[in-house]
Amino acid sequence: MADGKENRTTLAFRVGVILDNETWVGNVSWACMSMAMDDFYSTHPNYTTRVALIGKDSKEDVVSAAAAAVELLWNDKVQAIIGPQTSVQAKFVAELGNKSQTPIISFSATSPFLASSRTPYFVRTALSDSSQAQAIAALVRFFGWRQLIPIFEDTDYGTGMIPYLVDAFQATDERVPYRSMVPLMANDDQILRELYSLKTMGTRVFVVHASDALTTRLLLKAREADMMQEGYAWIVTYGLTDRFGVLDASAIDAMHGVLTVKPYVMGSARNGEFSTRWSERLRRDHPTDKPVQHPSVYALWAYDTAWAMALAAESVALASRTPSTSPSPYLNTAAKNSSLTELKKLEFSPNGHRLLESMQGVKFDGISGKFELKDGQLESSPFEIINVVGSATKRVGFWTTEHGVSGDLNSKANLESVVWPGNALAAPKGIDWETGGKKLRIGVPLKKGFSEFVNREWNPLTRRNVSGFCIEVFDLVMASLPYDVPYEYIPYEDNNGEMKGSYSDLVYEVYLQNFDAVVGDVTITPNRSLYVDFSVPFTEVGMSMVVPVKDDRGRSAWIFLKPLTTELWLAIGAFFIFTGLVVWVLEHRVNDSFRGPPLHQLGTIFYFSFSTLVFAHKEKVTSNLTRVVVIIWVFVVLILTSSYTASLTSMLTVQQLHPTVTNLHDLIRNGEYIGYMGDPSMLHLLNIDKSKLRRYESPDEYDDALSKGSAKGGVGAIIDEIPYIKVFISKYCGKYTMVGNIYRTEGFGFVFHKGSPFVPEISRAILKVTADVEKKLYRNRTTCPEQNGAATSDSLTFNCFWGLFLITGTTSVLALFLFSAFFLYEHRHMLSTSTDSDGSSVWQRFVLMVKSFDRKDYSSYALRRSCLKVEEMKAAHDHSGRSYATSNSHSTSDLSSGSP
């Protein structure tokens, strides 16, 4: 202590800085690092180390950057190097750091080629370009563009990001048809030639990844080539918009409508205070430059890098006490100069490894956000999506790993409106196939039969010389694409109007590039797929067999039994008998109609139950339990008879169509002839004798051959692809039916060149319009009923009525239970009689109960009423007899007395 003040000794920690002093990024980065040191040590005055930044100018040259690094290691004895500024320069300097074990820390070398896995002593305190590759690919996909062309400079910086961009874009089946690599020192003529070449390719989405100077020249020349007009989309990787305030007016004007991405930095009071101080310092240090209000993200990363270096230096606590006299720990002491020829004499830094570990472990909240290194580089963060509009930039959204492209940072939302080149407000379609007036040449097959698919005739509506289902589907698919594609149909015909060759020959014409595509009833086969690409099928797949049908309507003498299954007939019979027995039990003691000799009673049981089918029975029931049973049973009989009548009527009136044959093997075994159309090669796979095959070319020929049959020169069946068969059946409704799917084919597809960009686009479009495709093929055809068995009336089963049987059965059993309970209660004295007292046995008591059941129950109201009526009738009869006798005696006496 002296004079009341602490005399603290601080250690200088030398850190080299390599920047391009003539560039705007270099100047603002140096200013930010200097400010970081001032701010850090004013905040941490008690730290024992002081980072001393020693700057070197790389002069925008790789060799100068390497020489500066050697000079810093040799003469200035630095413990670490911040920089250099570009990825190209950093690649060589990182090798020097790896050799000398000196940390090389860059906040602006973003190429993915620079990685700690290759050079362990390289640390990137910035985001790798692979991060923005994900954001740009998501942005392209967001607008529905299926193709893009990357334009990049021919350096490690330019080529480093492109594989990541292409992989991210093609992960979802999008295409990169061309990669435009421009030399870093290309002149204006070279750039224009490349741009004009790109203009003819049709793709209208370009992603530019190059240095600021080359990017500016590219955009200026793109405007000159009329490629900054409506219909174009330009996306520029991060960097150029950070210099927006210092660009000249022509460059700013050329960027109108451009999109770019930028690492997101959350605003805060600290950031606002820093921006104010930074702009003041920039005006003071560079009074002639244009004023810039906000520092770039590179400047913020430079500030945080210097801050992190100060923290790491303090933790390592290394510095050179006598830098001017002590030997360098990095070079062999025998070396006396800094010549590049001495590079081989570089030795390991004794403290480089500790400094590297300390730097990678630093964590703090910096000006640019959270500072934390992972795998030797700054962790990924969200990106802003920036739109250049006029002389200003506008944020229109964000990209995050959680929500993708969104108008909000923390949730899924729509982007703000984007202004595109040419002041267009609608997003470009991404592809322009009308470039140069070129049309796609579409080959069309011709065939004599099945003109529903492709027909050679003039269509006044479309003003084309071909029509048909395949043509309509292709037109529908092309109209659904997000861009316009001009095309023309060219029939594949010779001078006589006949098809030149086979379908395979036509497909091969696409391989020979005589056609751009083929549209028609072309079957997808493995052999054809070897040299062309097919879209997904737009018809049903598979081959089937068509055979004549026969009508079995009402031809059996026993058809009246068919409406019900055997199981149901047996159940109905059982319930008829059971219901009759229940009614007899309930009525036997109280109803004279159910009494009499045994055979008479047995006949009554069956007659009473079965007569409910056709008419009302004459026997009147008297018991209330019987009435309930009979009412339920009559309801069941009503349902059964109604169902039986309806089913029998259907069998006698509706067509009962059945195929004449249901199995291909039966045809082959019986030696039947089989018809086909087109290529018979697939039929040989079904083990059909070639001599049993007959070729036909139209639906009419199919009909004639099937009508004749094999015995009369025709065929027993036709084997063809399902779309043909359905058209044939719809034309001859009711005569033929399709039997099974006997062979797997891939259906009809559109043919394109190998690798054609149309294949995924059209395949997706086909899947979207599938619902409308079949309607177009059969819309003008008569609707035929299904003929594969669906038209027949199936017999009614027990399962259809088990609920009714359950109801009537339960009712009958419950009635029997109640009757038995009442009967046993009335004759309980018979059951309670002791066998010891009267010697009666169980059997004797059972016999007594049976005899009691067989006797009339005169206590019942119905029987008493019946007996009363009998007595009244008897009395009336006796009275009429006496009256007659009295009258007769009076007449006799009158005659004897001579009365008149």
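How each quantity is defined
- Residues numbered from 1 in each chain as written.
- Predicted model: local features only at pLDDT ≥ 70, side-chain atom pairs only at ≥ 80, totals over all residues.
- Heavy atoms only, no water.
- Helix = DSSP H or I, 4+ residues; strand = E, 2+ residues; numbered from the N terminus.
- Buried < 20%, exposed > 50% of the residue type's maximum accessible area, 1.4 Å probe, protein only.
- Areas by Shrake-Rupley, 256 points an atom, 1.4 Å probe, with all protein chains shown as cover.
- Salt bridge = Lys/Arg side-chain N within 4 Å of Asp/Glu carboxyl O.
- UniProt positions renumbered as here; feature names shortened; annotations may be inferred.
- Pairing = 2+ DSSP bridges.
- Right-handed = clockwise from strand over helix to strand, strands pointing away.
- Contact = heavy atoms within 4.5 Å.
- Axes fitted to C-alpha atoms, helices over the stretch in contact; angles between N-to-C directions.
- pLDDT = per-residue confidence, 0-100.
- Expected span 1.5 Å × (residues − 1).
- Core = buried A, V, L, I, M, F, W, Y, C linked by side-chain atoms within 4.5 Å.
- Domains from an automatic or database assignment.

## With respect to the overall build of the protein
- Counting secondary structure elements, the protein contains 27 helices and 29 strands.
- Looking at the protein as a whole, 48% of its 900 residues qualify as buried.
- Only carbon and sulfur atoms are counted for the fraction: they give 54% of the accessible area of the protein, which is about 44000 Å².

## Focus: the pattern of salt bridges
- Tallying each qualifying case throughout the model produces 23 salt bridges.
- Taking the shortest distance from any N to any O, the salt bridge between Glu372 and Lys370 comes out at 3.3 Å.
- Residue Glu372 is classed as buried on the basis of its relative accessible area, which comes to 17%.
- Glu384 serves as the salt-bridge partner of Arg395, at 3.0 Å between the closest nitrogen and oxygen. Here Arg395, found in strand β15 (residues 392–400), pairs with Glu384, found in strand β14 (residues 383–389); they are eleven residues apart in sequence, far enough to count as distant.
- Here Glu384 falls in the buried class, since its relative accessible area comes to 9%.

## Side note on the UniProt feature "transmembrane region" (unreviewed entry) in the protein
- UniProt feature "transmembrane region" (unreviewed entry): in the numbering of this structure it lies at residues 568–586, 598–616, 628–646 and 801–825.
- End-to-end, the C-alpha atoms of residues 628–646 are 28 Å apart, and along that stretch the chain is 100% helix and 0% strand.
- This span, residues 801–825, is 96% helix and 0% strand, and a straight line between its end C-alpha atoms measures 36 Å.

## Focus on the pairing of strand β1 (residues 11–19)
- A large share of β1 lies buried, amounting to seven of its nine residues.
- With nine bridges connecting them, β1 and strand β2 (residues 49–57) associate as parallel partners. Its bridge partner lying in β2, Leu11 is registered against Thr49.
- Crossover β1 to β2 through helix α1 (residues 24–43) is right-handed.
- Where β1 and strand β3 (residues 80–82) come together, three bridges link them in parallel fashion. When the sheet's bridge partners are listed, Val17 is paired in β3 with Ile82.

## Details of the environment of Ala210
- By the secondary structure assignment, Ala210 is in the loop between β8 (205–209) and α7 (212–224).
- Judged by relative accessible area, which is 6%, Ala210 ranks as buried.
- C-alpha of Ala210 to C-alpha of Leu240: the two residues are 30 residues apart in sequence and 9.4 Å apart in space.
- Those residues in contact with Ala210 that lie beyond four places of it in its chain are Glu153, Tyr157, Thr215 and Thr237.

## Thoughts on the sheet that holds strand β16 (residues 404–406)
- One open sheet accounts for eight strands, arranged β7-β6-β8-β9-β10-β14-β15-β16; its pairing is mixed. Each of the sheet's edge strands pairs with one partner strand only, and the pair in question is β7 (180–182) and β16. Across the sheet, the mean angle separating the axes of adjacent strands is 25° when strand polarity is ignored.
- Here four bridges tie strand β6 (residues 149–153) to β8, and the two strands are oriented parallel to one another. Bridged to Ile149 within β8 is Phe206.
- Each of β6, β7 and β8 touches helix α5 (residues 156–170); the most contacted strand, β6, lies at about 155° to it.
- Strands in contact with helix α6 (residues 188–199) are β6, β7, β8 and β9 (233–236); relative to β7, the strand with the most contacts, it is inclined by about 175°.

## Overview of the sheet that holds strand β20 (residues 487–491)
- Taken in spatial order, the five strands line up as β20-β17-β21-β29-β22 in an open sheet, and their pairing is mixed. Each edge of the open sheet is held by one strand with a lone partner, namely β20 and β22 (533–534).
- As judged from the two bridges shared by β22 and strand β29 (residues 751–752), these two strands associate in the antiparallel manner. Directly across from Phe534, in β29, lies its bridge partner Val751.

## So, the side chain of Thr808
- With respect to the helices, strands and loops of the structure, Thr808 is situated in helix α23 (residues 802–826).
- On the basis of relative accessibility, which here comes to 1%, the residue Thr808 falls in the buried class.

## Observations regarding the confidence of the model for the protein
- With 82% of its residues at a pLDDT of at least 70, the protein reaches an overall mean of 81.
- In this model residues 318–340 is a low-confidence stretch, pLDDT under 50, and it forms 49 contacts with partners more than four residues away in sequence or in other chains.

## Side note on helix α10 (residues 297–316)
- End to end, α10 covers 28 Å across 20 residues, agreeing with the expected 28 Å (1.5 Å per residue, within 8%).
- In terms of residue burial, α10 counts as a mostly covered element, since 18 of its 20 residues are buried.
- Positive phi shows up at Ala317, right after α10, with a value of about 55°.

## Let's talk about unusual backbone geometry
- The linkage connecting Gly83 with the following residue, Pro84, adopts the cis geometry, with an omega of -5°.
- Position of Pro84 relative to the elements: it lies in the loop between β3 and α3 (87–100).
- One non-glycine residue with positive phi stands out, namely Glu60, at about 55°.
- Looking at the secondary structure, you find Glu60 in the loop between β2 and α2 (62–74).
- Of the residues examined, Glu60 reaches a relative accessible area of 52% and is grouped as exposed.
- A positive phi is found at Asn423, a non-glycine position, where the angle reads about 60°.

## Observations concerning the nonpolar core
- Grouped together as the largest cluster of nonpolar side chains are 85 residues, with contacts concentrated most on Val51, Trp278 and Met309.
- Broken down by element, the residue count for this core peaks at 15 residues, all from α10.
- Residue-level mapping places this core at the junction of two domains, with at least three residues from each of domain 1 (11–126 + 290–320 + 347–378) and domain 2 (131–265 + 381–406).
- If you look at the next biggest cluster of nonpolar residues, it comprises 47 residues, including Phe469, Ile471, Tyr732 and Phe752.

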